[in-house]
Amino acid sequence: ISLLEDMFIAKVVATEKSAATKRKQSSSEQLVSLLESGRSRNILILLGKLRLQPEEVLQLVVRLDCESLSLELTAAITAVLPSAEEEKAILPYKKSPQLLDPASRLACLLSQVPRVRARLECHEIVFSWFTELDTVCTRWVVLQSACEELHASKNSFSQLMAMVLAVGNHLNGDTS
């Protein structure tokens, strides 16, 4: 009898495990996708690399915190922003975002942020401002130095330009 009880209990446990697995499968089957499969896969890859949920990404975008939202992360999020076509597909969806797959949920949440693309582009400018400023300042110093050299050698430069003009005229003399 104990052998029968052991066999019966094992079947009940196995049945409970298979029922739980079926519930998980049915809940994942109920998730709605509003994006194309390739686009959805790319967004899921990004979410996997970031190890963040769509709601956490939304909070990063809303806060635009320089410490937690790096330049690379900003560029990555900008790359997965919903396009105009995707926003048209997302707009009619009025149910809970929790019923969407993670990629569609991220697209849905980001599409609700006003001027999200402009916000992220401004955030990128904040990060790259000092790098760009250094580049421009370096080029400005070179240009200023060249102008000073040109001004100092005013006569020599005028003579050089006169010779270049004379050579050009001589070369073009036979052509009409």
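Note that this is a predicted model, so its numbers are computed, not measured.

> Quick question: what am I supposed to make of the overall build of the protein here?
A count of helical and extended segments in the protein gives eight helices and zero strands. Counted from the first residue to the last, the protein has its helices and strands arranged as α-α-α-α-α-α-α-α. Looking at the protein as a whole, 20% of its 176 residues qualify as buried. Carbon together with sulfur atoms contributes 61% to the accessible area of the protein, which is approximately 13,200 Å² in total.

> Help me understand helix α6 (residues 102-111), please; the structure alone is not making it clear to me.
Burial runs high along α6: eight of the 10 residues are buried. Within the span of α6, buried status applies to A103, S104, R105, L106, A107, C108, L109 and L110. Elements in contact with the buried residues of α6: α2 (37-50), α3 (54-63), α4 (71-79), α5 (84-90) and α7 (116-152).

> Mind showing me how you'd approach the confidence of the model for the protein here?
Across the protein, the average pLDDT comes to 82, with 82% of residues at 70 or higher. Across the protein, the secondary-structure element scoring lowest on mean pLDDT is helix α1 (residues 2-29), at 52, and the one scoring highest is α7, at 91.

> Even after reading the chapter, I still don't get the nonpolar core, so can you show me in this structure?
Generally speaking, soluble globular proteins have nonpolar side chains that are buried together. With 25 residues, the main nonpolar core has I43, V61, I77, L106, L110 and L120 as its most contacted residues. Residue assignment for this core shows that the elements contributing at least two residues are α2, α3, α4, α6 and α7. Once residues lying within four places of it in the same chain are set aside, the contact partners of L106 are I43, L47, P54, V57 and V80.

Definitions and limits used
Residues numbered from 1 in each chain as written. Predicted model: local features only at pLDDT ≥ 70, side-chain atom pairs only at ≥ 80, totals over all residues. Heavy atoms only, no water. Helix = DSSP H or I, 4+ residues; strand = E, 2+ residues; numbered from the N terminus. Buried < 20%, exposed > 50% of the residue type's maximum accessible area, 1.4 Å probe, protein only. Areas by Shrake-Rupley, 256 points an atom, 1.4 Å probe, with all protein chains shown as cover. Contact = heavy atoms within 4.5 Å. pLDDT = per-residue confidence, 0-100. Core = buried A, V, L, I, M, F, W, Y, C linked by side-chain atoms within 4.5 Å.

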